[in-house]
Amino acid sequence: MYMTQRGRPEVEDFEEIKIELEKTAAQLRPGFALVNDQRYLEPFDEMAMSVAKELVAIMDGCGAARVIRVVPSDPITMTKVLRALVTAESRYQTIRVSSLEEAEEILAEGRG
C-alpha cells in the first residue's frame, strides 16, 4: 500500500486520512507493508500531530507488518514527525529511508 503526504496538514486533513486509511487497510491481508512518502510534508501543529498518532493505531489494528517511511528532507519536519511517532507505540516494524527508490528496493528484496 502506498500513501503520499504533502503540505502542512491540519487536524481535518488527518481525520480524512484516518477514514481512507481504515477503508483501504481493512481490505488488505494482515502482514502488508505501507510505503508512506513524507518527503514533501511541512511542519504541522501539535493538535494535528495528536491525530496523526491515531494512524499508528489504525495500522496496528489492520495488521500492518511494516511501514517504510520516506522521510522529509527538511530537518525540522523530520524531527517533529519522528518525535511524535516514537511516542505512538506500534507493533509493526518501521523503516526510514531517504528515497522512494530505496523503499522499492526494500520491498523487492523482502527486507524488513
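Counting restarts for each chain, with residues numbered from 1 along the sequence as it is written. Residue-level local features of this predicted model are given only where pLDDT is at least 70; pairs of side-chain atoms are given and counted only at 80 or more, and the full residue set underlies all totals for whole chains, interfaces and linings. Only heavy atoms go into the side-chain values, all of them from the structure, while hydrogens and water stay out.

A.B. asks: How should I be thinking about the nonpolar core in this particular structure?
C.D. replies: The nonpolar side chains of a soluble globular protein tend to be buried, and buried together. Here, nonpolar core means buried Ala, Val, Leu, Ile, Met, Phe, Trp, Tyr and Cys residues that are tied together by side-chain atoms lying within 4.5 Å of each other. The classification of residues rests on relative accessible area computed with a 1.4 Å probe and restricted to protein chains. Under 20% of the type maximum is buried, over 50% is exposed, and intermediate values are partly exposed. Formed by 22 residues in total, the largest nonpolar core has its most connected members in Phe14, Phe32, Phe44, Met59 and Tyr92. The numbering of helices and of strands both runs from the N terminus, where a helix is a DSSP run of H or I of at least 4 residues and a strand a run of E of at least 2. Elements with a contribution of two residues or more to this core: helix H1 (11–26), strand S2 (33–41) and helix H2 (46–61). Only heavy atoms enter the contact rule, under which two residues are in contact if any of them lie within 4.5 Å. The residues touching phenylalanine 14, leaving out its near neighbours within four places in the chain, are Gln5, Pro9, Phe44, Ala48, Val51, Ala52 and Leu55. The next biggest cluster of nonpolar side chains, apart from the first, holds seven residues, and it includes Val35, Val70, Ile95 and Ile106.

A.B. asks: Could you clarify how one ought to interpret the environment of serine 98 in this entry?
C.D. replies: Following the sequence through the fold, serine 98 ends up in the loop between strand S4 (93–97) and helix H4 (100–109). Once the C-alpha coordinates of serine 98 and phenylalanine 32 are considered, the two residues, 66 residues apart in sequence, prove to be 21 Å apart. Beyond its immediate chain neighbours, meaning those up to four positions away, serine 98 contacts Arg39 and Val70.

A.B. asks: What is the right way to look at the environment of threonine 77 in this model?
C.D. replies: Counting through the fold element by element, threonine 77 comes out in helix H3 (residues 75–87). Along the sequence, threonine 77 and arginine 8 sit 69 residues apart, while their C-alpha atoms lie 10.0 Å from each other. Setting aside its immediate chain neighbours within four residues, threonine 77 contacts Leu41, Glu42, Pro43 and Pro72.

A.B. asks: Looking at this model, I keep getting lost on the pattern of salt bridges. Mind explaining?
C.D. replies: Should the charged atoms of two oppositely charged side chains come close, the side chains can pair. By definition, a salt bridge exists where a carboxyl oxygen of Asp or Glu is found within 4 Å of a side-chain nitrogen of Lys or Arg. Using the criterion set out here, one finds five salt bridges in the structure. Measuring nitrogen to oxygen at the nearest pair gives 2.5 Å for the salt bridge that ties arginine 39 to aspartate 37. Given the relative accessible area of 25%, arginine 39 is considered partly exposed. Note on aspartate 37: relative accessible area 5%, which makes it buried. Each of the salt bridges in this network shares a partner with another, and the network as a whole consists of Glu15, Lys18 and Glu54.

A.B. asks: I'm lost on H2 in this one. Help?
C.D. replies: An α-helical turn contains 3.6 residues, so any two residues separated by three or four positions project in the same direction. Between the first and last C-alpha of H2 there are 24 Å, a value that for 16 residues agrees with the 22 Å anticipated at 1.5 Å per step. The set of residues buried in H2 consists of Ala48, Met49, Val51, Ala52, Leu55, Val56, Ile58, Met59 and Asp60. Counting of polar contacts relies on pairs of N or O atoms within 3.5 Å, with two restrictions inside protein: one atom must be capable of donating a hydrogen and the other of accepting it, and residues adjacent in sequence are counted only when both atoms are side-chain atoms. Measuring from the backbone nitrogen of methionine 47 back to the side-chain oxygen at the start of H2 gives 3.2 Å, which picks out aspartate 45 as the cap. Note on H2: the residue one or two positions beyond its end, glycine 63, has a positive phi of about 85 degrees. In a helix, the anticipated span is given by 1.5 Å times the number of residues less one.

A.B. asks: Got a minute to help me understand the pairing of strand S1 (residues 2–7) in this structure?
C.D. replies: Remember that side chains alternate between the two faces of the sheet whenever the strand is regular. Strands are labelled as partners when DSSP assigns at least two bridges between them. Pairing analysis gives five bridges linking S1 to S2, with the strands arranged parallel. Pairing of arginine 6 across the sheet is with tyrosine 40, part of S2. The β-α-β motif built from S1, the intervening H1 and the parallel element S2 has right-handed crossover chirality. Look down the strands so they point away from you; if going from the first strand over the helix to the second traces a clockwise path, that crossover is right-handed.

By themselves, these figures tell us nothing about what the structure is for.
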